Amino acid sequence: MFLLKLRHHMRILIVPDSFKESLSATEVSFSIKKGIVSVLPEAEVEELPFSDGGEGALEVLDKHTEGTLVTCPPENALGEAIEASYFLFGKKKKAWIELSQASGLAQIPANQRNVLKATTYGTGLLIKDALAKGCTEIILGVGGSATNDGGAGIYEALGGYFLDEKDRAIERGGAALCSLKSLIPPQISDKINWNVACDVNNPLLGNTGAATVYAPQKGATQEDVKLLEQSMSQLAKVLEQHFNRSVTSLKGGGAAGGTAAGMFGFFNANLVSGFSLLSEQIGLENKIKSADLVITAEGKIDAQSTQGKLTGSVAQLCKKYEIPLIGLGGTVEQPHEVLYASGFTGVFAIQNGPRSVENSMENAASLLTDATSRVLQFYTQSKK
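Residues numbered from 1 in each chain as written. Predicted model: local features only at pLDDT ≥ 70, side-chain atom pairs only at ≥ 80, totals over all residues. Heavy atoms only, no water.

### Regarding the pattern of salt bridges
Our working rule: Counted as salt bridges are all cases of a side-chain nitrogen of Lys or Arg within 4 Å of a carboxyl oxygen of Asp or Glu. A run of DSSP states H or I qualifies as a helix once it reaches four residues; a run of E qualifies as a strand once it reaches two. Both are numbered from the N-terminal end. For every residue, the accessible area (1.4 Å probe, protein chains only) is compared with the maximum for its type, and the residue is labelled buried under 20%, exposed over 50%, or partly exposed between those bounds.
For the coordinates displayed, the defined rule picks out 13 salt bridges. The salt bridge involving R172 is made with E75; its shortest N-O contact spans 3.5 Å. With R172 in the loop between β7 (161-163) and β8 (182-184) and E75 in the loop between β3 (67-72) and β4 (84-89), this pair connects stretches of sequence that are 97 residues apart. Looking at R172, the relative accessible area reads 33%, which means it is partly exposed. For K191, the salt bridge identified is with D190, shortest N-O distance 3.5 Å. Given a relative accessible area of 68%, D190 falls into the exposed group. Salt bridges sharing partners connect three or more residues here, namely E75, E156 and R172.

### Regarding the packing of aromatic side chains
Defined as follows: Only Phe, Tyr and Trp rings take part, Trp by its six-membered ring, and two of them pair if their centres are within 6.5 Å. Stacked means planes under 30 degrees apart, edge-to-face means over 60, and tilted covers everything else. Here, over-ring charges are defined by two tests on the NZ atom of lysine or the CZ atom of arginine: distance to the ring centre within 6 Å, and angle to the ring normal within 35 degrees.
Tallying each qualifying case throughout the model produces eight aromatic pairs. With 5.5 Å between their ring centres and 70° between their planes, F50 and F275 make a pair best called edge-to-face. With F50 in the loop between β2 (44-47) and α2 (57-64) and F275 in helix α9 (residues 274-282), this residue pair connects regions lying 225 residues apart in the sequence. Look at F50 and you get buried, because its relative accessible area is 1%. Seen in terms of ring centroids, F87 and F89 are 5.0 Å apart; in terms of plane orientation they differ by 90°. Their pairing is edge-to-face. Judged by relative accessible area, F87 falls into the buried class, the value being 0%. The rings of Y155, F162, W194, F266 and F267 are connected pair by pair, giving a single aromatic cluster. Geometry around F89 places K94 over its ring, the cationic atom sitting 4.4 Å from the centre. Over the aromatic face of Y121 sits the side chain of R172, whose NZ or CZ is 3.5 Å from the ring centroid.

### Details of the pairing of strand β12 (residues 325-332)
Rule in force here: Only strands joined by at least two bridges in the DSSP assignment are considered to pair. With the strands pointing away from the viewer, any crossover whose connection runs clockwise from the first strand over the helix to the second is right-handed.
The buried count for β12 comes to six of eight residues, which makes it a mostly enclosed element. Both strand β11 (residues 293-301) and β12 contribute to a ladder of seven bridges, which runs parallel. Bridge pairing links K300 to T331 in β12. What joins β11 to β12 is helix α11 (residues 310-321), and the crossover it makes is right-handed. Relative to strand β13 (residues 346-349), β12 runs parallel, the two being bridged by four bridges. The partner of L328 across the bridge, within β13, is F348. Crossover connection from β12 via helix α12 (residues 336-342) to parallel β13: handedness right-handed.

### Section: α9
Our working definition: What the arc describes is the spread of directions from the helix axis to the C-beta atoms. Here a residue-residue contact requires only that any non-hydrogen atoms of the pair lie within 4.5 Å.
Turning to α9, its buried residues are G274, F275, L278, S279 and I282. Along α9, the residues classed as buried sweep out an arc of 120° about the axis, all on the same side. Taken together, the buried residues of α9 touch α2, β5 (94-98), β9 (193-197), β10 (270-272), α10 (284-289) and α11.

### A word on unusual backbone geometry
With a phi close to 60°, D167 is a non-glycine residue in the positive phi region. Residue placement: D167 occurs in the loop between β7 and β8. Positioned with a positive phi, E322 is a non-glycine residue whose angle comes to about 55°. With respect to the helices and strands, E322 occurs in the loop between α11 and β12. Since its relative accessible area comes to 57%, E322 is described here as exposed.

Function cannot be read off these values alone, since they describe shape.
What follows is the structure in structure tokens.
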């Protein structure tokens, strides 16, 4: 833990994630900056709304990397027509597809969510468009998904088929994969370089797997979880039979309802750190190195934060260069000692008194501004 000394002409870097279903990373960044300016009006503040490779990656790329956003008319996780975008890099041979754009939880009202039937088919349509434009490298940023179909929808959108024991095509969605017996691959090039930007360690199956950990967050009951676990187990079995690739022990395979495991099984995709990919694209490490203070934030700072999520990854870089780091969270559930050891100088929840989660989400912008100013004032006064 480093001593934080505030001065008026500091270089302050804001590198926040989004507050899921509340504020985008850009809105989080703006709210924090307002709090900084109220205490240190002469500070040099750089806003860098960021992402761990899932939601928000397209904004980061669009602002800091040569290329264009391409808009398509795919469908959401329940098959309804929507508009979504992906990033086509300047050389036009590489695309970054953000799964949450088409197959995200945020695209579907809470009372309509159905993780048993939700599908990644719409994400597959975005990938199909990128391949049609000549891309030979696909980066799929996973996170924020409404799905638990192991990426089967993507495979189907690209021309693959999933068949039951009577060689009939099965329905889309995670639940239907229980009856999966065989598959027919799509007719696409085997020269494509597939990467999955993934920053969780959860495997596909088991107590820390896709269905058990993440499906309840998407509306699944305990019975639904059992069904989805069975479906993912069956998908894994068929993938191993067909491609001779085991996906059950794959680190990070449970990401986005098993999409990461599916992409490895279907296409031998590489699972890589989304944070690392993005930070390399925009030179984040150099920006942190030259800052006097970094502020990061996410909706919940917890055990997962120090295991590959954005705030923990920022903390690692700050620790490397001994740059003080303030972390702000909608909630903070990890013991502070663990966070300090990982590189945080101070970690604070944004609430200024007892509030419900709903109230905090509704007022997150003003709470972030208030928390930032209070924290900076605290360090200013404690220095005296």
